[in-house]
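Summary of structural features
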Amino acid sequence: VLPKGSIFDGPFGSDLKTADYTSSGVRVIRLENIGRLKFFDEKESYISNEKYQSLIRHTVGEGDIIFASFIIDEIRVCVLPELKTKAIAKADCFCIRPDKNIDPQFLILQLASQRAYNYLSGEIHGVTRPRINTTQLKKMKVYIPKIEEQKTIVKRVKHLFGQLDQIEKHYDKVKNYTDKLEQSIL
């Protein structure tokens, strides 16, 4: 389903060292930026434009799916939003670049699912840093219906997530109220 070369990893080892980081330039997407269905923009790392030229094949952009290779309690995957600068993915941050027939939001819902976790957790290697590689990720089967159905599913799931957020807010209010009530009774 994905075109050749549409799943790739960031640079490893000596290709990108701590000494290569700068205070501005080209953004480096790191594991800390990848949440479960959410991109965390707060932690910013950069490399110089000169260093970027040697790592240009690791370029990522808006709409790309960024997948954390470490599979511990959950799968962390998100769609990369529009950024202020060019960007590359760091090692252990896989980029999945779907074609126009795959809604990135639909694909991340599948990649973050329990079914995907069950499959990928069986593929983990490494004892101290349990992770998968791009070959293992490429082997995982996903269901890709027509684009219209994908968009409908994404819309419904977002609606359900919105309802869950409302329930959580209501729960927090009720819990806060009962905690205060308990204190006043005591």
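Numbering of residues starts from 1 in every chain and runs along the sequence as written. For this predicted model, a pLDDT threshold of at least 70 governs which residues receive local features, and a threshold of 80 or more governs which side-chain atom pairs are given and counted, while totals over whole chains, interfaces and linings are taken from all residues. With hydrogens and water excluded, all non-hydrogen atoms of the structure serve as input to the side-chain values.

**Regarding the packing of aromatic side chains**
Under the convention used in this document: By convention, a stacked pair of Phe, Tyr or Trp rings (six-membered ring in the case of Trp) has centres within 6.5 Å and planes under 30 degrees apart, an edge-to-face pair has planes over 60 apart, and any other such pair is tilted. The way it works is that DSSP assigns letters per residue, a run of H or I at least four long becomes a helix, a run of E at least two long becomes a strand, and they are numbered from the N terminus. Classification of residues uses two cut-offs on accessible area relative to the type maximum, computed with a 1.4 Å probe and protein chains only: under 20% is buried, over 50% is exposed, and between them is partly exposed.
Under the counting rule described, the total for this entry stands at one aromatic pair. Ring geometry for phenylalanine 67 versus phenylalanine 94: centroids 6.1 Å apart, planes at 0 degrees, classification stacked. Of the two residues, phenylalanine 67 sits in strand 6 (residues 65-68) while phenylalanine 94 sits in strand 9 (residues 93-96), which places them 27 residues apart along the sequence. Grouping residues by exposure puts phenylalanine 67 and phenylalanine 94 together as buried.

**What to know about the sheet that holds strand 4 (residues 46-47)**
To keep things clear, this is the line we draw: Strand pairing requires that DSSP identify at least two bridges connecting the strands.
Pairing in this open sheet of five strands is mixed, and the strands run 2-4-3-8-5 from one edge to the other. Each end of this open sheet is capped by a strand with a single partner; those strands are strand 2 (21-22) and strand 5 (59-60). Across two bridges, strand 5 lies against strand 8 (residues 87-89) in antiparallel orientation. When the sheet's bridge partners are listed, threonine 59 is paired in strand 8 with isoleucine 88.

**Topic: a nonpolar patch on the surface**
Here is the rule we go by: Without a salt bridge and with relative accessible area above 30%, a residue can belong to a patch; like charges are then joined within 9 Å and nonpolar side chains (Val, Leu, Ile, Met, Phe, Trp, Tyr) within 5 Å. Here the open area of atoms and residues is found with the Shrake-Rupley method and a 1.4 Å probe, where only the protein chains shown may cover a residue. Basic side-chain nitrogens of Lys or Arg form a salt bridge, by our definition, when they fall within 4 Å of a carboxyl oxygen of Asp or Glu.
Together, Phe161, Leu164 and Ile167 line one region of the surface with nonpolar side chains, adding up to about 300 Å² of accessible area. Mapping leucine 164 onto the fold places it in helix 5 (residues 147-185).

**Overview of the sheet that holds strand 6**
Defined as follows: Residues count as neighbours in contact if any of their non-hydrogen atoms are within 4.5 Å of one another. Axis definition: a line fitted to C-alpha atoms, over the contacting stretch in the case of helices. Angles run 0 to 180 degrees between N-to-C directions.
Spatially, the four strands line up as an open sheet ordered 1-9-6-7, and their pairing is antiparallel. Either end of the sheet is taken by a strand with one partner, and the two such strands are strand 1 (7-8) and strand 7 (77-79). Pairing analysis gives three bridges linking strand 6 to strand 7, with the strands arranged antiparallel. Looking across to strand 7, one finds that isoleucine 65 is bridged to valine 79. In the packing of helix 2 (residues 104-111) onto the sheet, the strands contacted are strand 6, strand 7 and strand 9, and the crossing angle to strand 7 comes to about 175 degrees.

**Quick look at the nonpolar core**
Where we set the bar: Only buried residues count toward a nonpolar core. Its members are Ala, Val, Leu, Ile, Met, Phe, Trp, Tyr and Cys residues joined through side-chain atoms within 4.5 Å.
Ranked by internal contacts, the top residues of the largest apolar core, which has 19 residues, are Ile65, Phe67, Val77, Ile96, Leu111 and Leu137. When residues of this core are traced back to their parent elements, those giving at least two are strand 6, strand 7, strand 9, helix 2 and helix 3 (114-121). When residues of this core are assigned to their parent elements, the largest contribution, three residues, is made by helix 2. Leucine 137 has contacts with Ile7, Phe67, Phe94, Ile96, Leu111, Leu120 and Ile132, leaving out every residue within four places of it along the chain.

**Points about the pattern of salt bridges**
Evaluation of the coordinates by the stated rule reveals eight salt bridges. The partner of aspartate 64 in a salt bridge is arginine 97, with the nearest N and O atoms 2.8 Å apart. Of this pair, aspartate 64 sits in the loop between strand 5 and strand 6 while arginine 97 sits in the loop between strand 9 and helix 2, and the two are 33 residues apart along the sequence. For aspartate 64, a relative accessible area of 6% gives the class buried. Classification of arginine 97 by relative accessible area gives partly exposed; the value is 35%.

**A closer look at unusual backbone geometry**
Phi at leucine 37 takes a positive value of approximately 65 degrees, unusual for a residue other than glycine. Considering the arrangement of structural elements, one finds leucine 37 in the loop between strand 3 (26-29) and strand 4. Here leucine 37 falls in the partly exposed class, since its relative accessible area comes to 29%. One non-glycine residue, aspartate 92, adopts positive backbone phi at about 70 degrees.

**Examining the pairing of strand 9**
The side-chain alternation of strand 9 yields two buried faces, one formed by Cys93 and Cys95 and the other by Phe94 and Ile96. Direction of pairing for strand 1 relative to strand 9: antiparallel, over a ladder of two bridges. The residue bridging phenylalanine 8 from the neighbouring strand is cysteine 95, located in strand 9. When strand 6 meets strand 9, the two strands line up antiparallel, connected through four bridges. Its bridge partner lying in strand 9, phenylalanine 67 is registered against phenylalanine 94.

Remember that the coordinates give geometry; whether it matters functionally is a separate question.
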